[in-house]
Amino acid sequence: MSKFAKGQSGNPAGRPPGSKSFQAQLRAALEEHGEEILEKLIERAKKGEPTSGRFLIERLMPAMKSAPVQVPLRLEGSSLEQAEQIKSALAEGLLTLDEARTLLDALRTVEVVRTATELCDRVSKTEAKLALLQSPSATGNGHEA
């Protein structure tokens, strides 16, 4: 059974139907005055007000979350050898710590996938061999044991 009667609000003292939320009111005000506000922010930023400048930069040009890693080396060999190459490139200053960490994380992920795939293949082969051993023709007499 429902807590509230059909058609009755769970919060009768809440916002009246048809009224606008704060966000909707703010959007409407920005649509009306946004250009003027932006011009004032730009003007203040030009005068050297750091808060306005920071606000404009943060909102109009948000920080990049990630970028492609430009690897200045060709990773070859086993996973261990590749990890050593990454470590050497980091030590030589060819990679940043974040780039090296990203590459090592990717290398670790590839190893996990490779190991899981090999394990699945081994299990499949083992199951196939077991099925052959359990088949009636494998017992030699045509009857199951």
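Throughout, a residue's number is its position along its own chain's written sequence, starting from 1. Confidence filtering applies because this is a predicted model: local features only for residues at pLDDT of at least 70, side-chain atom pairs given and counted only at 80 or more, and all residues used for totals across whole chains, interfaces and linings. Working from all heavy atoms in the structure, the side-chain values ignore hydrogens and water.

Colleague: Quick question: what am I supposed to make of the confidence of the model for the protein here?
Modeller: The predicted structure's coordinates, where accompanied by low pLDDT, should not be read in detail. By definition, pLDDT measures how confident the predictor is in each residue, and it falls between 0 and 100. Here the protein averages 85 in pLDDT, and 88% of its residues register 70 or above. The least confident element of the protein, judged by mean pLDDT, is helix α5 (residues 136–139) at 69; the most confident is helix α4 (residues 97–134) at 94. Secondary structure elements are defined from DSSP: runs of H or I of at least 4 residues count as helices, runs of E of at least 2 residues count as strands, and each element is numbered from the N terminus.

Colleague: Looking at this model, I keep getting lost on the side chain of S52. Mind explaining?
Modeller: By secondary structure assignment, the location of S52 is in helix α2 (residues 50–60). When checking whether two residues touch, look at their non-hydrogen atoms; a contact exists if any pair is within 4.5 Å. Contacts of S52, omitting those with residues within four sequence positions, involve L41, R44 and A45.

Colleague: What's the story with a nonpolar patch on the surface in this structure? I'm lost.
Modeller: Surface patches are drawn from residues lacking salt bridges whose relative accessible area is over 30%; two like charges belong together within 9 Å, two nonpolar side chains (Val, Leu, Ile, Met, Phe, Trp, Tyr) within 5 Å. The protein chains shown are the only cover counted for residues, whose accessible areas, like all others here, come from Shrake-Rupley with a 1.4 Å probe. Put simply, a salt bridge is a Lys or Arg side-chain nitrogen that is within 4 Å of an Asp or Glu carboxyl oxygen. Taken together, the side chains of L38, I42, I57, L60 and M61 make up a nonpolar region of the molecular surface, amounting to roughly 490 Å² of accessible area. Going through the elements one at a time, α1 (22–46) and α2 are the ones with two or more residues in the nonpolar patch. Here M61 is to be found in the loop between α2 and α3 (79–91). Accessibility here uses a 1.4 Å probe with only protein chains present; expressed as a share of the type maximum, an area under 20% marks a residue as buried, one over 50% as exposed, and anything in between as partly exposed. With a relative accessible area of 59%, M61 lands in the exposed category.

Colleague: Would you take a moment to explain the packing of α1 against α2 for this structure?
Modeller: Helix packing geometry: the angle between the two helix axes and the distance between the axes. Structural elements are reduced to axes, namely lines fitted to C-alpha atoms, with helices fitted over the stretch in contact, and the angle between N-to-C directions of any two is expressed from 0 to 180 degrees. One can describe the packing of α1 onto α2 by two numbers: an axis separation of 7 Å at closest approach and a directional angle of 125°. One element, α1, and the other, α2, form an angle in the oblique class. Where α1 crosses over α2, the two elements pack in a sense that is left-handed. Taking contact as the criterion, the partners of L38, L41, I42, R44 and A45 in α1 are, on α2, S52, G53, F55 and L56. Split by residue class, the contact of α1 with α2 holds six nonpolar, two polar and one charged. Roughly parallel means an angle under 35 degrees; roughly antiparallel means over 145; roughly perpendicular covers 65 to 115; every other angle is labelled oblique. The crossing is said to be left-handed when, going from far helix to near helix, the turn is anticlockwise and less than a right angle, and right-handed when the turn is clockwise. Ten residues, namely Ala, Val, Leu, Ile, Met, Phe, Trp, Tyr, Cys and Pro, are considered nonpolar, four, namely Asp, Glu, Lys and Arg, are considered charged, and the remaining ones, Gly among them, are considered polar.

Colleague: Explain the pattern of salt bridges here, please?
Modeller: Any two side chains of opposite charge can pair, so long as their charged atoms come close to each other. Scanning the entire structure with this criterion turns up eight salt bridges. For K47, the salt bridge goes to E43, with nearest N and O atoms at 3.6 Å. You can call E43 partly exposed: its relative accessible area is 46%. A salt bridge links R54 to E58; its shortest N-O distance comes to 3.8 Å. Taken as a pair, R54 and E58 lie in helix α2 at a separation of four residues, close to a single helical turn. Here R54 falls in the partly exposed class, since its relative accessible area comes to 47%.

Colleague: Would you explain α3 in this entry?
Modeller: Multiplying one less than the number of residues by 1.5 Å gives the expected span of a helix. A rise of 1.5 Å per residue sets the reference length of α3, with its 13 residues, at 18 Å; its end C-alpha atoms lie 18 Å apart and thus fit the reference within 8%. Within α3, burial applies to S79, Q82, I86 and A89. In an axial view of α3, the angular spread of the buried residues amounts to 80°, which keeps them on one side of the axis. Among the exposed residues of α3, those oriented more than 90 degrees off its buried face are L80, K87 and A91. Here the buried face of α3 lies against α4. At the exit of α3 stands G93, carrying a positive phi of roughly 85°. Directions from the helix axis toward the C-beta atoms define the arc.

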